[in-house]
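Below, each chain spelled out in residue letters.
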Amino acid sequence: MLTVYNTMTRKKEEFHPLRAGEVSIYCCGVTPYNDPHIGNARPFVTWDVIRRFLARKGFAVRYIQNFTDVDDKIIGAANREGVTWKEISDRYIAAYFKAMDALNVRRADVFPRVSETMEDILRMIETLIARGYAYATAAGDVYYRVEAFSRYGCLSGRSLEDMEAGARVEVNETKENPMDFALWKAAKPGEPSWKSPWGKGRPGWHIECSAMSVKYLGDAFDFHGGGSDLIFPHHENEIAQAEPCIDGDEKFARYWLHNGFITIDNEKMSKSKNNFFTVKDILKEFPGEVIRFFILQTHYRSPLDFSDERLREAQTALDRLRKANAVVAELTQREGTADTGAELAAQAETFLRDFDAAMDDDFNTALAISQMFGLAKEINRYHQELERGAAFDAANFGRAADAYHAMAAIIGIFEQEEAPADDGLTDALMDLIIGIRQEARAAKNWAVADKIRDGLKEAGVVLEDTTTGVRWKRA
Ligand SMILES: [Zn+2]
């Protein structure tokens, strides 16, 4: 039985899907105005594993993740560079995919964008106004009326009075209550805008996720995810916006899952502290699989401390699993009818059962991975017995191999070709080698020039003479 920690009820609950055999998930995506950082990556790696696990349990999983492609930060970046907001968002959506592909995060079923969901957003705002939950001002802004929604604060566990007491006093006479938030912002010069019943403008941040999740998953769906920094105000506001628009009894997200923060050397990540790490930069030193594995070695709700040292430890640990995987790959090719693997097969099934139990306990990947290490150790032990002369038991070893593969497929490792981290060294060395060969040729030292060409060919590198010089490529 799967249990999950639901932020809404602040306790672990048994998971019962809304529709038998199906699971629907909405996770807040990125605002594409810069390269994704390690903190951005955590929810997406986490939900990738959850999707894999739910699929193996037999659920048909539908997963939606948005791009906030209309936003102050995008408009700011566009103005600084003198390009359109669309150029910025397209560029960093591409950067998002590149980084997540490297982390072996599979694509969402739909990636809705604000700019492509405007009709649905406008319709939801109109409904909120019609039902008394929002009001337009003379300036053409539309605000959400927090006092109209009695459940406001249900997710974050705060009362409206507490929020008002803690809020900075904002001089905005057009708002009925300082906690009221923008659903629609009247157009300002130099900003992208869309037509609306209240004049040209653009949506506030929160409304998009209410509109997109309901559009693609229906009035109610199973999971809503995101970082714990989104609980208030973003997710609180999503609930306040969506629920009044839904007529049925089942309203909006049923289980709210939030992942913990990432700290850098035990400090909060921030650009001002210069400890802000993009996935792109980390990939220069570590393969994507190591970064993924590092994230999953900690339970998603716990804080995760990032440092070079922790990443190196993750790399060493992953290498141990990888070595056992090489043993599995080698031995599954071998034939043998001895009866030496019954104990290994039984152990493998126990490890897999405990792996699944850990995942069923609020997706505890940390504990699940420890079961994988347990099986890796037994596989290595069996391999050593074979090397000492024991006869091979292909049938039972196959059962252990299946269990090991099943675990790897949930964690999402051993799926990428083992490519070394590209720190630019390969290019630098190739430039040097090609330069030496050119000098040898210029000096008519054909023996050295040919030796370099043949040596590279043997290493799988082909040289091509082009009009702009010599280029190299992997054969
Ligand atoms: Zn969102």
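Definitions and cut-offs
Residues numbered from 1 in each chain as written. Predicted model: local features only at pLDDT ≥ 70, side-chain atom pairs only at ≥ 80, totals over all residues. Helix = DSSP H or I, 4+ residues; strand = E, 2+ residues; numbered from the N terminus. Expected span 1.5 Å × (residues − 1). Buried ≥ 20, exposed ≤ 12 C-beta atoms within 10 Å, placed from the backbone. Arc of directions from axis to C-beta. Contact = placed C-beta atoms within 7 Å. Pairing = 2+ DSSP bridges. Domains from an automatic or database assignment. Axes fitted to C-alpha atoms, helices over the stretch in contact; angles between N-to-C directions. Parallel < 35°, antiparallel > 145°, perpendicular 65-115°, else oblique. Nonpolar A, V, L, I, M, F, W, Y, C, P; charged D, E, K, R; others polar. Core = buried A, V, L, I, M, F, W, Y, C linked by C-beta atoms within 7 Å.

1. Quick word on helix α4 (residues 118-130)
With 13 residues, α4 should reach 18 Å at 1.5 Å per residue; the first-to-last C-alpha distance of 18 Å fits that figure. Buried within α4 are the following residues: Ile121, Leu122, Met124, Ile125 and Leu128. Here the buried residues of α4 occupy an arc of 160° about the axis, which is enough to place them on one side. Exposed residues on α4 whose side chains face more than 90 degrees from its buried face are Glu119 and Ala130. For α4, the elements touching its buried residues are β5 (134-136), β6 (142-144), β7 (182-186), β8 (201-203), α6 (207-217) and α7 (231-242). Just downstream of α4, glycine 132 is the residue with a positive phi angle, here 85°.

2. Here's the deal with the pairing of strand β4 (residues 60-65)
Residues in a regular strand point their side chains to alternate faces of the sheet. Bridging between strand β3 (residues 22-27) and β4 involves six bridges; their strand directions are parallel. Counterpart to cysteine 27 in the pairing with β4 is glutamine 65.

3. A word on the domain arrangement of the protein chain
For the protein chain, the domain assignment lists domain 1 (3-268), domain 2 (284-411) and domain 3 (425-474). With centres defined by C-alpha atoms, the gap from domain 1 to domain 3 works out at 53 Å.

4. Examining the packing of helix α9 (residues 288-296) against helix α10 (residues 308-331)
Running from N to C, α9 and α10 point in directions that differ by 100°, and their axes come no closer than 9 Å. One finds that α9 runs roughly perpendicular with respect to α10. Residues Glu289, Val290, Phe293 and Phe294 of α9 touch α10, and the partners they reach there are Arg310, Leu311, Ala314, Gln315 and Leu318. Here the contact of α9 with α10 is built from residues that sort into six nonpolar, one polar and two charged.

5. Some remarks on the pairing of strand β1 (residues 3-6)
Side chains Val4 and Asn6 project from β1 onto a buried face, and the interleaved Thr3 and Tyr5 project onto a face without burial. As paired elements, β1 and strand β2 (residues 11-14) share four bridges and run antiparallel to each other. Across the sheet, tyrosine 5 pairs through a bridge with lysine 12, a residue of β2. The turn joining β1 and β2, which pair antiparallel and follow one another in sequence, is formed by four residues; a positive phi near 60° is taken by arginine 10.

6. Here's the deal with unusual backbone geometry
Geometrically, the link from phenylalanine 232 to proline 233 is a cis peptide bond, its omega value of 0° lying close to zero. With respect to the secondary-structure elements, proline 233 resides in helix α7. With a phi angle near 60°, phenylalanine 252 is a residue other than glycine that sits in the positive phi range. Looking at the element boundaries, phenylalanine 252 is found in strand β10 (residues 252-259).

7. Quick look at the sheet that holds β10
Judged by pairing direction, the sheet is parallel, and its four strands sit side by side in the order β4-β3-β9-β10 without closing on themselves. The sheet terminates laterally at β4 and β10, the two strands that pair on one side only. The sheet shows a mean angle of 25° between the axes of neighbouring strands, direction not considered. Helix α1 (residues 38-56) contacts β3, β4, β9 (220-227) and β10 of the sheet and is inclined by roughly 165° relative to β4. Of the strands in this sheet, β3, β4 and β9 are in contact with α6, which crosses β4 at around 155°.

8. Some words on the environment of serine 150
Here serine 150 is to be found in the loop between β6 and α5 (160-166). Note on serine 150: 8 C-beta atoms within 10 Å, which makes it exposed.

9. Thoughts on the sheet that holds β8
The pairing of strands in a sheet happens through backbone hydrogen bonds and is either parallel or antiparallel. Within the open sheet, the four strands sit side by side as β5-β6-β7-β8. Their pairing is antiparallel. Every other strand in the sheet has two partners, leaving β5 and β8 as the edge strands with one partner each. In this sheet, neighbouring strand axes are inclined to one another by 20° on average, regardless of whether the strands run parallel or antiparallel. Taken together, the three bridges between β5 and β6 define a ladder with antiparallel strand orientation. The residue bridging alanine 134 from the neighbouring strand is tyrosine 144, located in β6. Packed on one face of the sheet, α4 meets β5, β6, β7 and β8 and runs near 100° to β5.

10. A look at the nonpolar core
With 117 residues, the main nonpolar core has Leu103, Ile125, Tyr144, Leu183, Met372 and Ala400 as its most contacted residues. No other element matches α1, which puts nine residues into this core. In terms of domain composition, this core takes at least three residues from each of domain 1 (3-268) and domain 2 (284-411). Those residues within four positions of leucine 183 in sequence are excluded, and the remaining contacts are Ile125, Leu128, Ala134, Val142, Tyr143, Tyr144, Pro203, Gly204 and Ile207.

11. Thoughts on the packing of α1 against helix α13 (residues 394-411)
Interaxial distance between α1 and α13 falls to 7 Å at its minimum, and their mutual angle equals 135°. Judged by the angle between their axes, α1 and α13 are oblique. Contacts between α1 and α13 involve Val49, Arg52, Phe53 and Arg56 from the first element and Ala409, Ile410 and Ile411 from the second. Partitioned by chemical class, the residues of the contact of α1 with α13 number five nonpolar, no polar and two charged.

12. Quick notes on α7
Here α7 is twelve residues long and its end C-alpha atoms lie 15 Å apart, about the 16 Å a rise of 1.5 Å per residue gives. His235, Glu236, Asn237, Glu238, Ile239, Ala240, Gln241 and Ala242 are the residues of α7 that are buried. On its buried face, α7 sits against α4, β6, α6, β9 and β10.

13. Here we look at the environment of isoleucine 74
Relative to the elements of secondary structure, isoleucine 74 occurs in helix α2 (residues 72-81). C-beta crowding within 10 Å serves as the criterion here: with 24 such atoms nearby, isoleucine 74 is assigned to the buried category. The sequence separation of isoleucine 74 and proline 32 amounts to 42 residues, and the corresponding C-alpha distance is 7.1 Å. Filtering out sequence-adjacent residues up to four positions away, isoleucine 74 remains in contact with Thr31, Pro32, Tyr33, Asp69, Trp85, Ile88 and Ser89.

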